[in-house]
Amino acid sequence: MSRRNTTDVPVPTLVTERLILRGITEADAEPYERHFVDYEVIRHLSAEVPWPFPAGGVGAFIRDRIVPVQGQDRWVWGLHRQGVDGVIGAIDLRRYGERKNRGFWLGREFWGKGYMTEAVIRVNDFAFDELGFERLVFANAVGNERSRNVKLRTGARLVGVAPGAFVDPAYTRQEIWELTKEQWLAWRGR
Ligand SMILES: CC(C)(COP(=O)(O)OP(=O)(O)OC[C@H]1O[C@@H](n2cnc3c(N)ncnc32)[C@H](O)[C@@H]1OP(=O)(O)O)[C@@H](O)C(=O)NCCC(=O)NCCS
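Criteria and thresholds
- Residues numbered from 1 in each chain as written.
- Predicted model: local features only at pLDDT ≥ 70, side-chain atom pairs only at ≥ 80, totals over all residues.
- Heavy atoms only, no water.
- Core = buried A, V, L, I, M, F, W, Y, C linked by side-chain atoms within 4.5 Å.
- Buried < 20%, exposed > 50% of the residue type's maximum accessible area, 1.4 Å probe, protein only.
- Helix = DSSP H or I, 4+ residues; strand = E, 2+ residues; numbered from the N terminus.
- Contact = heavy atoms within 4.5 Å.
- UniProt positions renumbered as here; feature names shortened; annotations may be inferred.
- Pairing = 2+ DSSP bridges.
- Expected span 1.5 Å × (residues − 1).
- Salt bridge = Lys/Arg side-chain N within 4 Å of Asp/Glu carboxyl O.

**Student:** I keep staring at the nonpolar core and nothing clicks. Help me out?
**Tutor:** Soluble globular proteins: nonpolar side chains tend toward being buried together. Among the nonpolar cores identified, the biggest contains 31 residues, and L21, W77, L79, I91, L93, M116 and F133 are the most heavily contacted of them. The set of elements that each furnish at least two residues to this core consists of strand 2 (19–23), strand 3 (74–81), strand 4 (87–94), strand 5 (102–106), helix 4 (115–130), strand 6 (135–141), strand 8 (173–180) and helix 6 (181–188). The leading source of residues in this core is helix 4, at nine residues. Look past the residues within four positions of L93 in its chain and what remains in contact with it is D73, R74, W75, W77, N101, V123, F126, A127, L131, F133 and L136. Listed in part, the 16 residues of the second largest apolar core include I24, I62, V87 and V167.

Here's what the structure looks like:
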């Protein structure tokens, strides 16, 4: 397969009504770990994520897996509440994800307030308006209602179900979603 072109677009700081989305750096490791290392968060993620999560693993993950590729066909933001220090979750966009272009998580205490929906809307705008995506593909475990609801609230269309492996072995299938630029512009203008 030929090597695809890499687009270098530095991770911009994005602002929404209640949030600031900033590119993840090693300085985020402590609050990231505090909110992320929680089985109720991690069990919904791809089986590639280790569980139990190794001590110090978040710092190493940010240093080795995120920082070196930030802005090179991959954009990983930490979600910060305006005026409050510390990440409360993260959202990740990638140009060449096989079955998905986006992932996200929020610390459990921040669920149910609309923060991820707010972040997703801003990141979708960035993907379509500034990165030139024509289509985004998403996936979640069948049964991960909160994740599917974020997609439903933001204009994505369910296109299929496939086998999938997640940290929680009870999840064995995944839903595949699509959002084209055309659908997004229609949702935006609704
Ligand atoms: C997926 C995840 C980020 C969704 O979190 P969430 O809090 O349900 O989503 P949002 O932040 O968009 O909040 C939406 C909820 O807030 C409510 N809400 C409150 N104010 C709102 C507002 N201003 N705008 C939108 N929704 C609002 C909505 O009604 C909804 O609640 P409901 O589900 O009880 O109806 C979170 O559950 C999570 O981190 N899960 C574990 C990791 C995971 O599954 N990641 C995705 C893998 S595919």
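After that view, the rundown keeps rolling.
**Student:** Help me understand the UniProt feature "domain: N-acetyltransferase" (unreviewed entry) in the chain in this model?
**Tutor:** Using the residue numbers shown here, the UniProt feature "domain: N-acetyltransferase" (unreviewed entry) corresponds to residues 18–156. Split by type, residues 18–156 is 34% helix and 24% strand. Its first and last C-alpha atoms lie 23 Å apart.

**Student:** Looking at this structure, how should I read the pairing of strand 2?
**Tutor:** Looking along a regular strand, one sees side chains alternate from face to face of the sheet. Examined bridge by bridge, strand 1 (residues 14–15) and strand 2 share two bridges and lie antiparallel to one another. The partner of V15 across the bridge, within strand 2, is I20. Counting the residues between successive antiparallel strands, the hairpin from strand 1 to strand 2 contains three residues. Note: strand 2 against strand 3, five bridges, orientation antiparallel. Bridge pairing links L19 to R81 in strand 3.

**Student:** In this structure, what is going on with helix 4? I would like to understand it.
**Tutor:** Note on helix geometry: an α-helix contains 3.6 residues per turn, so any two residues three or four positions apart are oriented the same way. In this model, helix 4 (16 residues) spans 22 Å end to end at C-alpha, consistent with the 22 Å of a helix rising 1.5 Å per residue. In terms of burial, helix 4 is largely enclosed, as 13 of its 16 residues are buried. G132 lies just past helix 4 and shows a positive phi near 75°.

**Student:** What am I meant to see in the pattern of salt bridges here?
**Tutor:** Between side chains of opposite charge, a pair can form as their charged atoms come close. Taken as a whole and judged by the stated rule, the model has 13 salt bridges. Of the charged contacts, one joins R43 and D168 as a salt bridge, the two residues approaching to 2.8 Å between their closest N and O atoms. One end of the pair, R43, is in the loop between helix 2 (39–42) and helix 3 (57–66); the other, D168, is in the loop between strand 7 (157–163) and strand 8, with 125 residues separating them in the sequence. With its nearest N and O atoms 3.1 Å apart, the salt bridge here joins E178 to R157. Residue E178 is located in strand 8, and its partner R157 is located in strand 7; the two are separated by 21 residues in the primary sequence. Among the residues examined, E178 registers a relative accessible area of 12% and is labelled buried. Overall, R157 belongs to the partly exposed group, its relative accessible area being 45%. Here the residues in one salt-bridge network are E40, R43 and D168, joined through shared partners.

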